[in-house]
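So you can see what is in the structure, the chains are spelled out below.
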Amino acid sequence: MSAKIIDGKQVSVEVRERVAEQVEQFIAGGGHQPVLATVLVGDDPASHIYVANKHKACEAAGIGSVHHELPAETSQEDLVTLVKALGDDDDVDGILVQLPPPDHIDPDAVIEAINPAKDVDGLTATNAGLLAGGRPGLVPCTPAGVIELLDHAGIGLEGAEAVIVGRSNLVGRPMISLLLGRNATVTCAHSRTRDLAEVTRRADILVVAVGVPELVKRDGIKPGATVIDVGMNRTEGGLKGDVDFEAAAEVAGAITPVPGGVGPMTIAMLMANTLTAAKARTR
Ligand code: NAP
């Protein structure tokens, strides 16, 4: 292996400590304690673990949290009513609805019920539009975490050839805007891309967010490239990324592992976004 490993666990600890200090300073300066409200519908065990981890992270950062757990049969109308009420609740700074909801609920209807000022996942049309327009707003946590990792690793973005694989609203699309905003030359590949390896081989910075285990192989990586693997795929062989790590690490200059790469950054950036939302509300 020749690639430098980008340690997301370590960077996430640093971000979380930085946020904890900033929360302390904010409160010391007369601000209120930021509060994150989480909403979980149904009994998906993985979602329960994610939400529990978010609450632990809040506690460690000095951020308050409240949790609303609703049965799987909750109607879309009741969920939207709750999310709107949280949007009007002066004691709540951030709202996170754990996705995906059960099948009978349209996730877009729930997302659009979130008060954009409290949209710490950055998924509402308002925040997505602000980001696409290069204006300040709340940015989705995972792509924001990718930028933090690249900066921490000292990777120059200006003028770099960046290729993103995947165009979801959660990762790929906001990643395009963030990298463009940092003056990278951005290409976005997806399921209809003709020759994926030919496209990804152009990348100085390759961000893969697809959900197919080990889709990107050694032949898809330019020697010396920085490879950020967002994928989290549960397989019989354990948790795997979207990149064939062992093979990629032989050619890449730097690479994130799975687990321990992008994953831990998402919660860290959620803490950062909750503080940002709290500060903005006091203006
Ligand atoms: P998603 O909404 O399913 O989007 C997947 C994207 O990949 C789509 O744009 C799709 O293209 C593209 N794609 C699918 N098959 C492809 C192929 N064979 N070649 C090229 N592109 C292909 O997924 P997501 O929410 O962005 O998540 C992607 C991965 O990241 C998943 O493994 C997820 O678990 C992980 N993830 C991790 C974190 C974290 O905290 N680390 C956070 C979010 C997501 P089309 O648009 O053409 O269909």
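Coordinates for the structure precede this section.
So, here is what we can say about the structure in this document. Keep in mind that what you see is a predicted model, and the values were worked out from it rather than measured. (Residues numbered from 1 in each chain as written. Predicted model: local features only at pLDDT ≥ 70, side-chain atom pairs only at ≥ 80, totals over all residues. Heavy atoms only, no water.)

### A look at the environment of L275
Applied cut-off: Runs of E in the DSSP output that reach at least two residues are strands. Runs of H or I that reach at least four are helices, and both are numbered from the N terminus. In what follows, a contact means two residues having at least one pair of non-hydrogen atoms within 4.5 Å.
By the element assignment, L275 lies in helix α10 (residues 263-281). Taking the C-alpha atoms as reference points, L275 and V171, separated by 104 residues in sequence, lie 21 Å from one another. Residue contacts for L275: discarding those within four places in its chain leaves V19, Q22, V23, F26 and P34.

### Examining the side chain of S47
Residue placement: S47 occurs in helix α2 (residues 45-61). Not counting residues within four places of it along the chain, the set of residues in contact with S47 comprises L40 and Q98.

### Some thoughts on the pattern of salt bridges
What counts, and what does not: Salt bridges are defined as contacts in which a side-chain nitrogen from Lys or Arg sits within 4 Å of a carboxyl oxygen from Asp or Glu. A simple rule labels every residue: compare its accessible area, found with a 1.4 Å probe on the protein chains alone, to the largest value its type can have, and call it buried under 20%, exposed over 50%, or partly exposed in between.
Inspection of every chain in the model, using the stated rule, returns seven salt bridges. For the salt bridge of R281 with D90, the shortest nitrogen-to-oxygen distance reads 3.4 Å. Here the residue R281 occupies a position in helix α10, and D90 occupies one in the loop between α3 (76-88) and β4 (94-97), the gap between them amounting to 191 residues. One salt bridge connects E198 with R202, and the closest N-O pair in it is separated by 3.6 Å. Owing to a relative accessible area of 35%, E198 belongs among the partly exposed residues under this scheme. The exposure class assigned to R202 is partly exposed, which follows from its relative accessible area of 38%. Beyond isolated ion pairs, a larger network of salt bridges with shared partners links D90, D93 and R281.

### Remarks on the sheet that holds strand β7 (residues 205-208)
By definition, the strands of a sheet pair up through backbone hydrogen bonds, in either a parallel or an antiparallel sense. In plain terms, the rule: Two strands are counted as paired when DSSP detects at least two bridges linking them. Axis lines are fitted through C-alpha atoms, for helices just across the contact stretch, and the angle between N-to-C directions can take any value from 0 to 180 degrees.
The six strands are arranged β1-β11-β8-β7-β5-β6 in an open sheet whose pairing can be described as parallel. Each edge of the open sheet carries a strand with a single partner, namely β1 (4-5) and β6 (185-189). When β1 meets strand β11 (residues 254-255), the two strands line up parallel, connected through two bridges. Among the inter-strand pairings, K4 is bridged to a residue of β11, identified as A254. Together, β5 (161-165), β6 and β7 form the strand contacts of helix α7 (residues 172-181), whose direction differs from that of β5 by roughly 170°.

### Some words on the site of the ligand
To keep things clear, this is the line we draw: Each residue is tested against the molecule or strand, and it is near if at least one of its non-hydrogen atoms lies within 4 Å. Whenever a nitrogen or oxygen atom comes within 3.5 Å of another N or O atom, the pair is scored as a polar contact, on the condition that within protein one atom can donate a hydrogen and the other can accept it, and that pairs from neighbouring residues in sequence are kept only if both atoms are in side chains. Note on areas: Shrake-Rupley, 1.4 Å probe, and residue coverage restricted to the protein chains presented here. In the scheme used here, Gly and all other residues not listed as nonpolar or charged are polar, with Ala, Val, Leu, Ile, Met, Phe, Trp, Tyr, Cys and Pro taken as nonpolar and Asp, Glu, Lys and Arg as charged.
In the vicinity of the ligand lie 20 residues, with R167, S168, S191, M232 and T266 positioned nearest. Between an oxygen atom of the ligand and a side-chain N or O atom of S168, the distance comes to 2.5 Å. Here V230 contributes a backbone N or O atom positioned 3.4 Å from an oxygen atom of the ligand. The protein chains hide 70% of the 920 Å² of surface that the ligand would expose on its own. Residue classes in the shell around the ligand are distributed as nine nonpolar, ten polar and one charged.

Distances and angles like these do not, on their own, reveal function.
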